[in-house]
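Descriptive analysis of the structure
Here's the letter readout for the chains.
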Amino acid sequence: MATRRIERTQESRRLLVTAAAELFAEKGYRQTSFIDIADKAGISRGSIPWHFGNKLGLLEAVVDDQLQAVLTAFPPTAGDRPGDPLDQVTGFIRLPVTRLFITLLAEAVEVDSPIREHYARLHAALRQAVQARVPAQALPPGTTPEAFTVLLVGAVIGVHAQWRVAPEAVDLEAVRTTIRALLPVSLG
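Below: a short report on this structure.

What counts, and at which threshold
Residues numbered from 1 in each chain as written. Predicted model: local features only at pLDDT ≥ 70, side-chain atom pairs only at ≥ 80, totals over all residues. Heavy atoms only, no water. Phe/Tyr/Trp six-rings, centres within 6.5 Å; stacked < 30°, edge-to-face > 60°. Lys NZ or Arg CZ within 6 Å of the ring centre and 35° of its normal. Axes fitted to C-alpha atoms, helices over the stretch in contact; angles between N-to-C directions. Helix = DSSP H or I, 4+ residues; strand = E, 2+ residues; numbered from the N terminus. Left-handed = near helix turned anticlockwise from the far one by under 90°. Contact = heavy atoms within 4.5 Å. Nonpolar A, V, L, I, M, F, W, Y, C, P; charged D, E, K, R; others polar. Buried < 20%, exposed > 50% of the residue type's maximum accessible area, 1.4 Å probe, protein only. Arc of directions from axis to C-beta. Parallel < 35°, antiparallel > 145°, perpendicular 65-115°, else oblique. Salt bridge = Lys/Arg side-chain N within 4 Å of Asp/Glu carboxyl O.

Time to look at the packing of aromatic side chains. Using the criterion set out here, one finds one aromatic pair in the structure. A cation over an aromatic ring shows up here: Lys 55 above the ring of Tyr 29, its NZ or CZ 4.6 Å from the ring centre.

For the pair helix α7 (residues 116–131) and helix α8 (residues 145–165), interaxial distance at closest approach is 9 Å and the crossing angle is 115°. Judged by the sense of rotation from one axis to the other, the crossing of α7 with α8 is right-handed. Contacts between α7 and α8 involve His 123, Leu 126, Arg 127, Val 130 and Gln 131 from the former and Pro 145, Glu 146, Thr 149, Val 150, Leu 152, Val 153 and Ile 157 from the latter. Here the residues of the contact of α7 with α8 are counted per class, giving seven nonpolar, three polar and two charged.

Quick look at helix α2 (residues 34–41) now. Each full turn of the α-helix corresponds to 3.6 residues, which orients residues three or four apart in the same direction. Of the positions making up α2, those classed as buried are Ile 37, Ala 38 and Ala 41. The arc that holds every buried residue of α2, seen down its axis, measures 95°, which confines them to one face. Gly 42 occupies a position one or two residues after α2 and carries a positive phi of about 75°.

Time to look at the packing of helix α1 (residues 2–27) against α2. Remark: α1 packs on α2, axes separated minimally by 8 Å, with the N-to-C direction vectors making an angle of 125°. As the angle between them shows, α1 and α2 are arranged oblique. Crossing angle aside, the handedness with which α1 passes α2 is right-handed. Counted together, Leu 15, Leu 16, Ala 19, Ala 20, Glu 22, Leu 23, Phe 24, Glu 26 and Lys 27 of α1 and Asp 36, Ile 37, Lys 40 and Ala 41 of α2 form the full contact between these two elements. A breakdown of the residues in the contact of α1 with α2 according to their chemical character gives eight nonpolar, no polar and five charged.

All right, on to the side chain of His 160 then. Position of His 160 among the secondary structure elements: in helix α8. The exposure class assigned to His 160 is buried, which follows from its relative accessible area of 3%. Discounting residues that sit within four places of it in the chain, His 160 has contacts with Ile 93, Thr 98, Arg 99 and Ile 102.

A separate point is the pattern of salt bridges. Per the counting criterion, the structure on display carries seven salt bridges. A salt bridge links Arg 4 to Glu 7, with the nearest nitrogen and oxygen atoms 3.9 Å apart. Separated by three residues within a single helix, Arg 4 and Glu 7 lie in helix α1, roughly one turn from each other. With relative accessibility at 42%, the residue Glu 7 sits in the partly exposed group. For Glu 173, the salt bridge is made with Arg 176, and the minimal N-O distance between the two is 3.2 Å. In this pair, Glu 173 and Arg 176 both sit in helix α9 (residues 172–182), three residues apart, roughly one turn of the helix. Judged by relative accessible area, Glu 173 falls into the partly exposed class, the value being 33%.

As structure tokens, then:
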């Protein structure tokens, strides 16, 4: 009996996180209410504070869940050789889950934003995942892996935002090819 209750609890939690992620991506964090999330999940709105404490706790669960999706979106490496980071980030942009990151960015840049810290943590994990795949010896002299990663992640965020707003105007393959041509050395 206890096992069934644990399974129902885990399923309720998963449904709430999924519903919140979708609504945060559509409407933003501040414009999404407990009622919206509960209705979409098909679960009592009293379940949200029970599982997460408050809306910020739910956001943290969403960010953690989506962060895991991001980190697993990068394909596994072959042996000791990392995969091509440009191919990986191009694939990452195409994932439906990444729409959430663009929506939250607008709120996260505000100094008093309740999601700023969570978004900064998400960016740090993304930079770490990308940097782990960029061989330092592949970078031009005087370039640090940290600075290159910030540049690459920043470019990806900018391209991603443009593609989400006007996908017909942004050719992701052409952008990837252009970045590759601009890099003085091969990555991956």
